[in-house]
Amino acid sequence: MILTREEQRHSTLSEEVRSEMLAAVAACERKRGAALDVLLIAKRYYGWISDEMLRELAVILEMSPAELDSVATFYNQIYRKPIGRHVILVCDSVSCWIMGYDLVRVRLTARLGINLGQTTPDGRFTLLPIQCLGACDQAPAMMVDGELFVNLDATTIDEIIQRYP
Ligand code: FES
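Residues numbered from 1 in each chain as written. Predicted model: local features only at pLDDT ≥ 70, side-chain atom pairs only at ≥ 80, totals over all residues. Heavy atoms only, no water.

Focus: the pairing of strand β3 (residues 125-130)
Working step 1: Counting buried residues in β3 gives five out of six residues, a clear majority hidden from the surface.
Working step 2: Of the strand pairs in this sheet, strand β1 (residues 86-91) and β3 are connected by six bridges, and their pairing is parallel. Within β3, the residue paired with V90 across the bridge is P129.
Working step 3: Where strand β2 (residues 118-119) and β3 come together, two bridges link them in antiparallel fashion. Bridging from a neighbouring strand, T119 pairs with T126 of β3.
Working step 4: Here β2 hands over to β3 after five residues, with G123 in that stretch at a positive phi of 75°. (Buried < 20%, exposed > 50% of the residue type's maximum accessible area, 1.4 Å probe, protein only. Helix = DSSP H or I, 4+ residues; strand = E, 2+ residues; numbered from the N terminus. Pairing = 2+ DSSP bridges.)

Written as structure tokens, this is what we have:
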């Protein structure tokens, strides 16, 4: 897809990102089949998907913005709002819930000064709940920027937070 100059001026995507997305789209029989790949590319480069960007991606995928938004919001690791430099995902499923989820949640919210679903005012952390991280036998568990931490207690939570500037 070649953009007019006017479209380039208003594009939220760099040429590099657009090229990567177009390659993902070209690899699919139907353009919309690349929706998740395109969203993940956008996430990798920009962290989150603004309304403006969503509209642009929808054009690339030949979908309506509403259709693409429903794909984006179905996946809980595609973010539609700005996020912090680091994203903490706290498992609130049954094994973790039994093994100390409440302690983890209370410790994190106290240390970060935010509730679940919020970002610290300095933009350092976003704290989000998530369903099972697949580490039920080592509960309670959480993930920071894709790195899994298990058997959490107050001390390990404090140590983990300090690793992420
Ligand atoms: S229930 Fe928390 S990792 Fe499975």
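So that's the structure; there's more coming.
So, the nonpolar core
Working step 1: Counting residues in hydrophobic clusters, the biggest one holds 22 residues, and the most contacted among them are M21, I49, L57, L61 and L68.
Working step 2: Considering every element that reaches this core, the biggest residue donor is helix α4 (residues 51-61), with six residues.
Working step 3: Once residues lying within four places of it in the same chain are set aside, the contact partners of M21 are L13, V38, I41, A42, L57 and I60.
Working step 4: Counting 17 residues, the second largest nonpolar core, distinct from the first, contains L108, L112, V144 and L152. (Core = buried A, V, L, I, M, F, W, Y, C linked by side-chain atoms within 4.5 Å. Contact = heavy atoms within 4.5 Å.)

Digging into the confidence of the model for the chain
Working step 1: On average, residues of the chain carry a pLDDT of 91, and 94% of them reach 70 or more.
Working step 2: Here helix α1 (residues 5-10) stands out as the least confident element of the chain, with mean pLDDT 54; strand β5 (residues 147-149) is the most confident, with 97. (pLDDT = per-residue confidence, 0-100.)

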